[in-house]
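Remarks on the overall topology
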Amino acid sequence: HTRFKCDWSSDVCSSDLNMNIFSQSTYFEQEVLKQTKAMTAFCRDLHQNPELSLQEFETSKKMAAELRIAGFEVTENFGGNNVVGVLKNGEGPVIMLRTDMDALPVEEKTNLVFASSKKVKTDDGNEVSVMHACGHDIHMSVWAGTIHTLAAIKNDWSGTLLVIAQQAEEISGGAGLAIETGLFTKFPKLDVALAYHINPELESGTIGLTAGPIFAGVKTARIKVFGKGGHGAYPEKCIDPIVIASRIVLDLQTIVSRELSPLEPAVVTVGSIYGGTRPNIIPDEVDLELTLRYYSDETIAKVIAAIKRISKTAAQMAGMPDDKLPVVQIEEAETPPVVNNEKLVADLKLLAQQSIGEQNIIKTAPAMVGEDFGKYGRTPENIPICLIWLGSTNTELMRELIAKGEKPFPLHSPQLNPDYEKTIETGIRVMTANVLGLAGR
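Residues numbered from 1 in each chain as written. Predicted model: local features only at pLDDT ≥ 70, side-chain atom pairs only at ≥ 80, totals over all residues. Heavy atoms only, no water.

A few words on the pairing of strand β14 (residues 285–294). Each regular strand displays side chains that alternate between the two surfaces of the sheet. Of the two faces of β14, only the one carrying Val286, Leu288, Leu290, Leu292 and Tyr294 is buried; Glu285, Asp287, Glu289, Thr291 and Arg293 on the other face are not. Inspection of the sheet shows strand β10 (residues 217–226) paired to β14 by 10 bridges, in the antiparallel sense. Within the sheet, the bridge partner assigned to isoleucine 223 lies in β14 and is leucine 288. (Buried < 20%, exposed > 50% of the residue type's maximum accessible area, 1.4 Å probe, protein only. Helix = DSSP H or I, 4+ residues; strand = E, 2+ residues; numbered from the N terminus. Pairing = 2+ DSSP bridges.)

Below, the structure written as structure tokens:
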């Protein structure tokens, strides 16, 4: 087989993949099964001991310990609780494997024997329950199991693994902090970055692949609407900002339906409105908060321009002076779209066919949820990335639900109930196969 020469900006690179590495590797299968057993137990521990974003202190220690056992050079507290590991194994590509670590402020209602009962205090002093309701416990277990498997079969591949256990994905902060701290400058130069996310809508034992955009970019917008307050009995002496805000909310609905092409996906959602104190008082101000979702920079630019125009026009129609027109603020920090490199997806599909069979690879549609893994592909290094959906619902349960016309509990649900062992096995098998195929001897 040819050595790694793949350039994902070129026309083809599938010929450089090692397609028979799985049959060549003496220990591939037994290591996958060994790590599946170990990591299923590890996952239960992680599930029972979740930590919120930026509080992953004990979780990061556990990730660092797994790296050291596998023989990696370990850097802890990299831009916070991020943990970075490097394993050099001769000449070849540098492949990044990423997992997220943080949990959610959700009270678990699964009745699992290893369910989380953990409660913590947030920065504002409130006590909240904590749960791995987005599958990050599985992501970490697959990540650790893949690392151990690849370390055990080092004779079958050549290159460098740069791996990161990332903090604060749920608040979209961990990836950015890692990049700002020097992830792409202080460690070996990357050729490709890979990650998983569980998907309850897919059966365990399967993966989902999407070429191009898979997750949406996310921005938060705030609109402060001004008025002229006064007594509710004398509306003619006032300019009501609640009416202006209401007009803005309605007109915002025409951005996606009438200003964008039907082939240009976007979401504009007004999630909150704050204004007024009493039923007989017309207030001076009203605040709106919006979430914006998009797949392309061109689309979000159109959306933002339309929001500003609509807000300004609504206030002018009500007679507000130029110095009291609405203020539109777009949050600087953003979660960019996750855009899977199309050629990389094609190659990983070929590898997955060898490891789990073509029938277990599902072509999935893009989703409008956000994921900060996209930040790794938006730097000047222009690194090809791919996020893979990992099916997580037990096959028999899925069939029962379909027969009833029901669906599995979704991500972020307090009743999320993945098929842990099968999902972890599939994740380890496929991600190990990816590395063997891209860097196999």
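There is more to say after this.
The axes of two packed helices give the description: the angle between them and the distance between them. At their nearest, the axes of helix α2 (residues 28–48) and helix α10 (residues 420–439) sit 9 Å apart, and the two run at 130° to each other. Here α2 lies oblique to α10, going by the angle between them. For the pair α2 and α10, the crossing hand works out as right-handed. Counting all contacts with α2, which are made through Phe28, Glu29, Val32, Leu33, Gln35, Thr36, Met39, Thr40, Cys43 and His47, the residues of α10 involved are Tyr420, Glu421, Ile424, Glu425, Ile428, Arg429, Thr432, Ala433 and Leu436. (Axes fitted to C-alpha atoms, helices over the stretch in contact; angles between N-to-C directions. Parallel < 35°, antiparallel > 145°, perpendicular 65-115°, else oblique. Left-handed = near helix turned anticlockwise from the far one by under 90°. Contact = heavy atoms within 4.5 Å.)

We now examine the sheet that holds strand β15 (residues 327–330). As a general point, the strands of a sheet are linked pairwise by backbone hydrogen bonds and lie either parallel or antiparallel. With antiparallel pairing, 4 strands are arranged side by side in an open sheet as β12-β14-β10-β15. Looking at which strands have only one partner, the edges of the open sheet turn out to be β12 (266–275) and β15. Strand after strand, the sheet turns through a mean of 20° between neighbouring axes, direction not considered. Strand direction decides the pairing type here: β12 and β14, joined by 9 bridges, are antiparallel.

This part covers the nonpolar core. Ile95, Leu97, Trp143, Leu161, Leu194 and Ile207 are the most contacted members of the largest nonpolar core, which totals 62 residues. In terms of residues, this core owes the most to one element, α10, which gives 9 residues. Among the nonpolar cores identified, the runner-up in size contains 30 residues, and Leu260, Ala266, Val303 and Ile307 belong to it. (Core = buried A, V, L, I, M, F, W, Y, C linked by side-chain atoms within 4.5 Å.)

Spatial strand order, β1-β2-β6-β3-β7-β18-β8-β17: 8 strands in an open sheet with mixed pairing. Edge positions in the sheet fall to β1 (73–75) and β17 (361–363), since each of these pairs with one other strand and no more. Sheet twist, expressed as the mean angle between neighbouring strand axes with direction ignored, is 25°. Of the strand pairs in this sheet, strand β3 (residues 94–100) and strand β6 (residues 159–166) are connected by 7 bridges, and their pairing is parallel. Following the sheet pairing, valine 94 is matched in β6 by threonine 160. Against the sheet, helix α4 (residues 136–152) engages β2 (83–89), β3, β6, β7 (192–203) and β18 (385–393), with an angle of about 150° to β3. Against the sheet, α10 makes contact with β3, β6, β7, β8 (207–209) and β18, and its axis sits at roughly 150° relative to β7, the strand it touches most.

This paragraph deals with helix α7 (residues 297–317). Across its 21 residues, α7 extends 30 Å between first and last C-alpha, which sits within 8% of the 30 Å expected from 1.5 Å per residue. For α7, the complete set of buried residues consists of Thr299, Ile300, Val303, Ile304, Ala306, Ile307, Ile310, Ser311, Ala314 and Ala315. Here the buried residues of α7 occupy an arc of 160° about the axis, which is enough to place them on one side. Projecting away from the buried face of α7 at angles above 90 degrees are the exposed residues Glu298 and Met317. Summarising the contacts, the buried residues of α7 are in contact with β10, α6 (241–259), β12, β14 and β15. (Expected span 1.5 Å × (residues − 1). Arc of directions from axis to C-beta.)

Residues of the protein with pLDDT of at least 70 account for 95%, and the chain-wide mean is 94. Segment residues 1–5: pLDDT under 50, and 14 contacts once partners within four positions in sequence are set aside and those in other chains are kept. (pLDDT = per-residue confidence, 0-100.)

Should the charged atoms of two oppositely charged side chains come close, the side chains can pair. Under the criterion given, the structure shown has 16 salt bridges. Notably, a salt bridge pairs lysine 62 with aspartate 45, separated by 2.8 Å at the nearest N-O pair. Residue lysine 62 is found in helix α3 (residues 57–69), and its partner aspartate 45 is found in helix α2; the two are separated by 17 residues along the sequence. Residue class for lysine 62 comes out partly exposed when judged on its relative accessible area of 22%. Classification of aspartate 45 by relative accessible area gives partly exposed; the value is 30%. Residue glutamate 331 pairs with arginine 222 through a salt bridge whose shortest N-O separation is 3.5 Å. Of the two residues, glutamate 331 sits in the loop between β15 and β16 (338–340) while arginine 222 sits in strand β10, which places them 109 residues apart along the sequence. Taking relative accessible area as the criterion, arginine 222 reaches 34% and is therefore assigned partly exposed. Residues participating in the shared-partner salt-bridge network are Arg98, Asp100, Glu371 and Asp372. (Salt bridge = Lys/Arg side-chain N within 4 Å of Asp/Glu carboxyl O.)

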